[in-house]
Amino acid sequence: KPEELKFKGKAVPFAKDGQKGTFYVDERSGYILGVEFGDGPRKGQRCIVERDPVSGNLQKMHFSAPAQDGKPGPWTSFLKGEKGWASVPPGQLVPGFSHLKVENRTIAGDFQLNSKGELIYKPGEDQNKEVQRINGQRDFYNMREYSRTTENANGRGGAEKTTVYWDGYEWRAGEFSPKGKDIFEVKFQKQPGKPERVVRNAATNGFFVDFGSGGAQFEVKNWKEGKMTRTTGAGTDTIYNTYARDANGHFQWFKGQEGTEGGKPVVKFDGNQELQSRIQSGELPKSVAINPATGESVLTYANNSKVGIDCFGRQKQIVYANNKTVDIIRDCNEEFRGFKRSDGSIVARADLVSEAEGNPAPTWTYESPGKPPMRVRGNLQFGKAGAWVIQGNGGDGITCSGAGEMLCKAEGKSAGDPPGTTGGTETRQGDRPGPPRPDDKPGPPKPDDKKPDDKPGEIKPEQLKALADKYNVDVRVLNQAFLRAKKLGSKNFTLQNIEKLLQVAQKHGLSGAFVPGGVSMRSRPGAIVGRMIPELLDDPASAIGKAQTDMKSGLEKSLRDGGAPPQAITRALNSVDMRFGFYQRSLQPFIDDLKKEIVVAPPVPPPPKPVRP
């Protein structure tokens, strides 16, 4: 009965894009049980849901419109049955949705209410979905066409609807035209460095991305196969998905060798000499076994850790060399909830509401067999070769190394595996990936950009000596930069760019501090510039930040291997942050000038990726 509908659970205020209100959260499971909108485009709307006590799936939904004439708006209820969702009173539709699949007054498919307070509808037979967001915006994703139709909160009768299309990297306006039953072509306005055309094959789950005349082309026959044909000015080759993500969360694609193991397709990357150091460090797998029927894969690393990946590219299981297995826990909304290890240890996220007002870092509960639970507040970071860490304050946190060692520290107490007890090899943490999202696209070239006229291997020692003499710097600095550029495969390490850097460094009074050899923590900003010439030429904006990350990662591993206490490690890492913060501030004028002067080699676009619905 409508009068019996009352909010249950803990009241948690939220504020999102001008919309304010209250979530009502089940304190036991963390699921949202209701949403009440107090201010903004959806002011006065209310939603109460009832969930299955075991699975958390929605079983009943109740919606109320804003009050009218001083009277509370009426409730409309929807009950889930064997054939779908039926309304009370009959014949009603779920408010805010325009792509419901209805048969005999029953709505097919399913609904989800996630931790952001978004109500999601999936018809069930394909990957299409419709999302009603907290601020009232509604998005419909058509994965056959790679299209997204958005209606903002104040849309009426479709007047404010816009449709954009996936170009392999981002959503853009385009000219859509069907080319057959399952073939769809979209042409985009010409923009430097962006695709001009995409052809989607919904029947084979493939797509073709074309950057236009003289540009790159990428073709995927079937995304589940993890294979892509790339055509650039250098020719056509085949690259494979490693399913390992870089620091920005993007999949990394490289050349590999196809084969079979146990009758199943596998791609081996350890034969690619350019990847050896990254494979040995655990950044990339040495091989990937692929299930082309499901799109799932298993990554095998140099330390023999195996990471299972689902069809969306998300980790689902980790098997360590010590034979301990960690399963990834996801809830009924497909959202990450924690880890469960084969020995019974569990790491679970205790609070799930991600849009709560002033929401701090999440709280995690660590439970191991026979021991009381421990709680830690911090952010989860996935690392290399199956490693991960939840980093709290003051040395608190939960870690799992690439060898499978799990350790929790909280409020001066610790539980788990003491380091070195598993017989595995410690893998350092780092390289946090974000949620799945499109790969970075190349930036537009400058009008006066041209291809560099030299390569590191073509620069002669006497040319470097002449530059060193001209700008009064130690030639050993330039010789070391030359060797580093060859090792890094720098495309912008040219005589022209080196001279530009020396001119700018001299202008800012930095070249006098150029010294050969390594750079200590106490080095002056000029010494940092002299040590990082190739990195600064390739990417001036991010070079200092990358050096900071690398130094912290190496220092942390060194201190941990030496048995340093957590407090000492934290102090040391904070010191690195302070020092590099000083470098960044001091060198920013130099970096700004350098970006204007150097000639950047036109980048090869990274592989595109399909969008997740």
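Above this note sits the structure.
## Side note on the packing of helix 2 (residues 461-471) against helix 4 (residues 495-507)
Part 1: Orientation of helix 2 relative to helix 4, taken along the N-to-C sense of each, is 15°, at an axis distance of 11 Å. Relative to helix 4, helix 2 is oriented roughly parallel. Where helix 2 crosses over helix 4, the handedness of that crossing is right-handed. Where helix 2 approaches helix 4, its residues Gln463, Leu464, Leu467, Lys470 and Tyr471 are matched on the opposing element by Leu495, Ile498, Glu499, Leu502, Gln503 and Gln506.
Part 2: Considering only residue class, the contact of helix 2 with helix 4 consists of six nonpolar, three polar and two charged.

## What to know about the packing of aromatic side chains
Part 1: Tallying each qualifying case throughout the model produces 24 aromatic pairs.
Part 2: Between phenylalanine 14 and phenylalanine 23 the ring centres are 4.3 Å apart and the planes differ by 20°, which places this aromatic pair in the stacked class. Taken as a pair, phenylalanine 14 and phenylalanine 23 share a single burial class, namely buried.
Part 3: Ring centres 6.3 Å apart and planes at 65° place the aromatic pair phenylalanine 211 and phenylalanine 218 in the edge-to-face group.
Part 4: Take phenylalanine 211: its relative accessible area is 9%, and that puts it in the buried class.
Part 5: A network of ring pairs unites the aromatic residues Phe336, Phe339, Trp364, Phe382 and Trp388 as a single cluster.
Part 6: When the ring centre of tyrosine 141 is taken as reference, the NZ or CZ atom of lysine 129 above it lies at 5.7 Å.

## Describing the pattern of salt bridges
Part 1: Within this structure, the stated rule accounts for 33 salt bridges.
Part 2: Arginine 138 is paired through a salt bridge with glutamate 151; the nearest N and O atoms lie 3.4 Å apart. Placement of the pair is arginine 138 in strand 13 (residues 138-142) and glutamate 151 in strand 14 (residues 147-151), with a sequence separation of 13 residues.
Part 3: With a shortest N-O distance of 3.7 Å, glutamate 185 and lysine 179 are connected by a salt bridge.
Part 4: What makes glutamate 185 buried here is its relative accessible area of 9%.
Part 5: The class of lysine 179 is exposed, set by a relative accessible area of 52%.
Part 6: Salt bridges here are not isolated pairs; linked through shared partners, they connect Lys122, Asp310, Arg314 and Glu334.

## Brief notes about the sheet that holds strand 12 (residues 129-132)
Part 1: Pairing in this open sheet of seven strands is antiparallel, and the strands run 10-11-12-13-14-15-16 from one edge to the other. A strand with exactly one partner marks an edge of an open sheet, and here the two such strands are strand 10 (110-113) and strand 16 (171-172).
Part 2: Across two bridges, strand 15 (residues 161-166) lies against strand 16 in antiparallel orientation. If you follow tryptophan 166 over to strand 16, its bridge partner there is tryptophan 171.

## Some points on the sheet that holds strand 37 (residues 388-391)
Part 1: Spatial ordering of the open sheet is given by 36-37-38-39-40, a layout of five strands whose pairing is antiparallel. Of all the strands in the sheet, the pair left with one neighbour each is strand 36 (379-382) and strand 40 (413-416). Adjacent strand axes in the sheet meet at a mean angle of 15°, parallel and antiparallel pairs treated alike.

Conventions adopted
Residues numbered from 1 in each chain as written. Predicted model: local features only at pLDDT ≥ 70, side-chain atom pairs only at ≥ 80, totals over all residues. Heavy atoms only, no water. Axes fitted to C-alpha atoms, helices over the stretch in contact; angles between N-to-C directions. Helix = DSSP H or I, 4+ residues; strand = E, 2+ residues; numbered from the N terminus. Parallel < 35°, antiparallel > 145°, perpendicular 65-115°, else oblique. Left-handed = near helix turned anticlockwise from the far one by under 90°. Contact = heavy atoms within 4.5 Å. Nonpolar A, V, L, I, M, F, W, Y, C, P; charged D, E, K, R; others polar. Phe/Tyr/Trp six-rings, centres within 6.5 Å; stacked < 30°, edge-to-face > 60°. Buried < 20%, exposed > 50% of the residue type's maximum accessible area, 1.4 Å probe, protein only. Lys NZ or Arg CZ within 6 Å of the ring centre and 35° of its normal. Salt bridge = Lys/Arg side-chain N within 4 Å of Asp/Glu carboxyl O. Pairing = 2+ DSSP bridges.

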